[in-house]
Amino acid sequence: MIIIKLGGSVITDKSQYRKFNQERVSKLCKEIKDSGLEVLVVHGAGSFGHVLARQYGLQNGFSSNDQIIAAAQVQYDTRDLSQMIIKEMLSAGIPAVSVAPGSCFVMNNDKLIATDTEAIERLNKLGIMPVTFGDVVTDRTKGFGICSGDQLMEVLAELFDIKKVIFVSDIDGLYTADPKTNKGARLLGSVDPEMLQKIKSESGVDDVTGGVLSKVEAMLRMSTKNRDCVLVNGTVDGRLGALLRGETVTCTIARGGTK
Ligand code: IP8
């Protein structure tokens, strides 16, 4: 099975609160469906999560009562986004159901812990794709915290038999520097832990979970000798589909796996 994260920068406009990229999501769902592969999808929160999370400091955990309504609002917004994605999946012919991460995971000081995954495993066995997403989740130490889609990818990659991991983002891959501000930035076809140390991450928009640098760190943790971890641009028509078909595409492959 392949696990794919549809990043918030692709499925939403991260600069506008609650702006869904319906057309893009529809295309990506079709590319996934056409691949005919067994896939598990996780999605980010984009502007349905990061804007309010940042505004109310939700990533730091509970510190004041005015965060509570914001924590609830974010969970409403991310569920709304998730349902919009499920709608596109169903239209593409993918049987999928949205599963809020707070129903099967808690956090402990920002570490994601799977408490009850029986339902998502059973859904998957039935042939219904359980779709989880970045969200506000309760935290045993901090009251609540931000559970990113990247953290979910790591936990789900251990729970299921995952042969390939794909992060769909709005960039062609990992660059040696920010290509938006640095003309000399070079796209890396592959990255290892040493190379990552040299790379600067700049995003310029709200991202309480750290942007591309933490994503590549997660990718390196998830890559093994038998499991490729790929960062690919989902804003380019057909690129995800080509990758799923096994074609050579512009992307960055994380190579760090010692396991
Ligand atoms: O978009 C973050 O998840 P991500 C979740 O996968 C929130 O980083 C609520 C900001």
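Everything that follows concerns the structure shown earlier in this document.
This section reports on the structure supplied with the text. Counting starts from 1 at the beginning of each chain's written sequence and moves along it residue by residue. It should be noted that, the model being predicted, local features are given only for residues of pLDDT at least 70 and side-chain atom pairs only at 80 or more, the latter also being counted only at that level, while totals for whole chains, interfaces and linings use all residues. Heavy atoms from the whole structure form the basis of all side-chain values; hydrogens and water molecules are not counted.

## Quick notes on the packing of helix α2 (residues 22–35) against helix α4 (residues 66–92)
Under this scheme, a helix contributes an axis fitted over its contacting stretch, all axes are lines through C-alpha atoms, and angles between N-to-C directions fall in the 0 to 180 degree range. Think of it this way: any DSSP run of H or I at least four residues long counts as a helix, any run of E at least two long counts as a strand, and we number them from the N terminus. Between α2 and α4, the least distance of the axes is 9 Å, while the angle of their chain directions is 45 degrees. One finds that α2 runs oblique with respect to α4. The element α2 and its partner α4 pack so that their crossing is right-handed. Here α2 contributes Q22, V25, S26, C29, K30 and K33 to the contact with α4, which in turn contributes I85, E88, M89 and A92. What sets the label is the angle itself: under 35 degrees gives roughly parallel, over 145 gives roughly antiparallel, 65 to 115 gives roughly perpendicular, and the rest give oblique. Working rule for handedness: look at the near helix, and if it is turned counterclockwise from the far one by less than a right angle, call the crossing left-handed; if clockwise, right-handed. Here a residue-residue contact requires only that any non-hydrogen atoms of the pair lie within 4.5 Å.

## Details of unusual backbone geometry
Peptide bonds are mostly trans, and most non-glycine residues show a negative phi. Phi angles above zero are rare outside glycine, and N109 is one such case at about 50 degrees. Looking at where N109 falls in the secondary structure, it is placed in the loop between β4 (105–108) and β5 (111–114). Here the phi dihedral of D110 falls at roughly 80 degrees; this positive angle occurs in a residue that is not glycine. Its location among the elements puts D110 in the loop between β4 and β5. Burial status follows relative accessibility: with a 1.4 Å probe on protein chains alone, a residue under 20% of its type maximum counts as buried, one over 50% as exposed, and anything between as partly exposed. Among the residues examined, D110 registers a relative accessible area of 34% and is labelled partly exposed.

## Looking at the environment of A114
For A114, the location among the structural elements is in strand β5. For A114 and I2, which are 112 residues apart along the polypeptide, the C-alpha to C-alpha distance reads 20 Å. Excluding residues within four positions of it along the chain, A114 makes contact with C104, F105 and V155.

## Structural notes on the side chain of S223
Its location among the elements puts S223 in the loop between α8 (211–222) and β13 (228–233). Classification of S223 by relative accessible area gives buried; the value is 2%. N or O atoms within 3.5 Å of each other form a polar contact, as long as, within protein, one can give a hydrogen and the other can take it, and as long as residues adjacent in sequence are counted only when both atoms are side-chain atoms. Separated by 3.2 Å, the side chain of S223 and the backbone oxygen of L220 make a polar contact.

## Quick notes on the pattern of salt bridges
Any carboxyl oxygen of Asp or Glu within 4 Å of a side-chain nitrogen of Lys or Arg constitutes a salt bridge here. Taken as a whole and assessed by the stated rule, the structure comprises 15 salt bridges. The partner of R18 in a salt bridge is D77, and the shortest N-O contact between them spans 2.7 Å. Of the two residues, R18 is situated in the loop between α1 (8–11) and α2 and D77 in helix α4; the sequence distance between them amounts to 59 residues. Taking the shortest distance from any N to any O, the salt bridge between R227 and E158 comes out at 3.8 Å. Here R227 is found in the loop between α8 and β13, whereas its partner E158 is found in helix α6 (residues 149–159), with 69 residues between them in sequence. On the accessibility criterion, E158 (55% relative accessible area) is exposed. Among the ionic contacts, a cluster of salt bridges with common partners joins E23, R24, K27 and D237.

## What about the pairing of strand β14 (residues 251–254)?
Here β14 shows a buried face lined by C251 and I253 and a second buried face lined by T252 and A254. In terms of strand pairing, strand β12 (residues 190–191) meets β14 through 2 bridges, oriented parallel. Across the sheet, residue S190 finds its bridge partner in β14, namely I253. One ladder, built from 4 bridges, connects β13 with β14; its direction is antiparallel. Paired with V230 across the strands is I253, a residue of β14. When DSSP finds two or more bridges between a pair of strands, those strands are recorded as paired.

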